[in-house]
Amino acid sequence: MRSPVPASARRAVPSCAAFTVAAALACAAAPPADAEFGELHTDRDAFTPATTTVDPGVRLLEASYAWIDNRGTPATNSFPELLVRLGLTERIELRLGGNYEQGSGGSVVSAVEVGEGLIGDELESESNVLYGLKALVTGQEGWVPRSSVIVEGFTPTSGDVWGTEPAATYVFGWELPRTWRFDAAVRYIYADSTEGRFDKWVPSAVLRMPVTERWEVHAEWFGAWSAGLVDDTVRPFVGPGTHYMITPNFEIGYRMGWGLTRDAAAFYVDSGIGWRF
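Residues numbered from 1 in each chain as written. Predicted model: local features only at pLDDT ≥ 70, side-chain atom pairs only at ≥ 80, totals over all residues. Heavy atoms only, no water.

Right, let's get into the overall build of the chain. On a plain count of helices and strands, the chain comes out with one helix and 12 strands. When the helices and strands of the chain are listed from N to C terminus, the series reads α-β-β-β-β-β-β-β-β-β-β-β-β. Burial status across the chain gives 49% buried among its 277 residues. Restricting the contact set of the chain to residue pairs at least 6 apart, pairs at least 24 apart contribute 57%. If you sum the accessible surface of the chain, you get close to 12,300 Å²; carbon and sulfur atoms cover 63% of it. (Helix = DSSP H or I, 4+ residues; strand = E, 2+ residues; numbered from the N terminus. Buried < 20%, exposed > 50% of the residue type's maximum accessible area, 1.4 Å probe, protein only. Contact = heavy atoms within 4.5 Å. Areas by Shrake-Rupley, 256 points an atom, 1.4 Å probe, with all protein chains shown as cover.)

Encoded structure:
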């Protein structure tokens, strides 16, 4: 029986795991025996961002490495997928970051990627910086969800496309019995490409399920729909993920998933960290 994970992807999994382990050893120390653990609520934990903002004066650094197995074209390597979140007030945070990609295919599997990615059969590269704000809109009260809005700009620093791409995300969710959480988001990107400007809609949803105070698993769905290209694409994905807290301020995480259409990449793995300081 053929494995659902390609052989090339199985070779990439150890690389993602090595990235996470090395980062954990470099940044985290053993926690005190009486340490209290609470969620960091990183935005990189799943494709759907957290519904919360960072507390005033707190900094949350997030980074990851993604390997994307494109169908019939070179695989994409995406790193460091850096996002630094700085708490400004009780409801507002500043967001700064950047990313570099090498590969092809066009699939987007993390929140620091925009546009239509690297399209074509040739091995190419591009990079960008991101900047923006996230604001808490509502707290959960009955059926009213906790929600936030994110407004960001992505400016290229290398590659074939040089237009800044604005993006807006509305994320909302509810805490459920057993401390499970269901979150969903809708993202709009006024994207750029070698064909010119186009619209991209990116809905997503995730069910987060704590196993212990330090370990959480999740199941997610997300996709990207383009409008305005010569050949518009539909790229939905589904997959599981998990994170584990090494200390009360440091976590490691891992995601993987499968594309559901021929436009989408066949498979991806994403491994990263969250560090509050």
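Below, the discussion takes up the pattern of salt bridges. Evaluation of the coordinates by the stated rule reveals 13 salt bridges. Asp 43 is the partner of Arg 85 in a salt bridge, and the nearest nitrogen-oxygen pair spans 3.5 Å. Linking Arg 85 in strand β2 (residues 76-87) with Asp 43 in the loop between α1 (7-27) and β1 (59-69), this pair joins segments that are 42 residues apart in sequence. Taking the shortest distance from any N to any O, the salt bridge between Glu 93 and Arg 85 comes out at 2.9 Å. In this structure, Glu 93 and Arg 85 share a single accessibility class: buried. The structure contains a network of salt bridges with shared partners spanning Asp 43, Glu 62, Arg 85, Glu 93, Arg 95, Lys 134 and Glu 152. (Salt bridge = Lys/Arg side-chain N within 4 Å of Asp/Glu carboxyl O.)

Turning our attention to the side chain of Arg 208. Along the polypeptide, Arg 208 turns up in strand β8 (residues 198-210). Arg 208 sits in the buried class, given a relative accessible area of 2%. There is a polar contact of 3.5 Å between the side chain of Arg 208 and the backbone oxygen of Pro 49. There is a polar contact of 2.8 Å between the side chain of Arg 208 and the side chain of Asp 183. If we ignore the near neighbours within four places in the chain, the residues touching Arg 208 are Asp 45, Ala 46, Thr 48, Pro 49, Ala 50, Trp 180, Arg 181, Asp 183, Glu 216, Val 217 and His 218. (Polar contact = N/O pair within 3.5 Å; in protein donor to acceptor, adjacent residues only side chain to side chain.)

Attention now moves to the nonpolar core. Counting 21 residues, the largest nonpolar core has Val 109, Phe 222, Phe 237 and Tyr 268 as its most contacted members. For this core, the secondary-structure elements that each account for two or more residues are β1, β7 (181-191), β8 and β9 (215-227). (Core = buried A, V, L, I, M, F, W, Y, C linked by side-chain atoms within 4.5 Å.)

What follows deals with the pairing of β9. In this structure, β8 lies alongside β9, joined through 10 bridges in antiparallel fashion. If you follow Asp 199 over to β9, its bridge partner there is Ala 227. The hairpin formed by β8 and β9 contains four residues between the paired strands. Pairing analysis gives 11 bridges linking β9 to strand β10 (residues 234-247), with the strands arranged antiparallel. (Pairing = 2+ DSSP bridges.)

Moving on to the packing of aromatic side chains. Across all of its chains, the model carries 12 aromatic pairs by this definition. Both rings, one in Phe 172 and one in Trp 174, keep their centres 5.9 Å apart while their planes meet at 85 degrees; by these two values the pair is edge-to-face. Taken together, a centroid distance of 6.1 Å and an interplanar angle of 50 degrees make the contact between Trp 221 and Trp 225 tilted. Relative accessible area serves as the criterion here: at 32%, Trp 221 is assigned to the partly exposed category. Classification of Trp 225 as partly exposed rests on a relative accessible area of 31%. An aromatic cluster of at least three residues, connected via ring pairs, comprises Phe 47, Phe 222, Phe 237 and Tyr 268. (Phe/Tyr/Trp six-rings, centres within 6.5 Å; stacked < 30°, edge-to-face > 60°.)

Residues Phe 79 and Pro 80 are joined by a peptide bond in cis, for which omega reads 0 degrees. With respect to the helices and strands, the residue Pro 80 is situated in strand β2. For Arg 178, which is not glycine, the phi dihedral falls at a positive 65 degrees. Structurally, Arg 178 can be placed in the loop between β6 (165-175) and β7.

Locating Gly 239 in the fold gives a position in strand β10. For the pair Gly 239 and Val 206, spaced 33 residues apart in sequence, the C-alpha separation works out to 9.8 Å. With residues near it in sequence (within four places) discarded, Gly 239 still touches His 218, Ala 219, Glu 220, Met 256, Gly 257 and Trp 258.

It is worth spelling out the pairing of β8 at this point. Along a regular strand, successive side chains alternate from one face of the sheet to the other. Note that β7 and β8 share 11 bridges and pair antiparallel. Across the sheet, the residue bridging to Tyr 190 is Asp 199, located in β8. Connecting β7 to the next strand, β8, in antiparallel fashion are six residues, including Gly 196 with a positive phi near 115 degrees.

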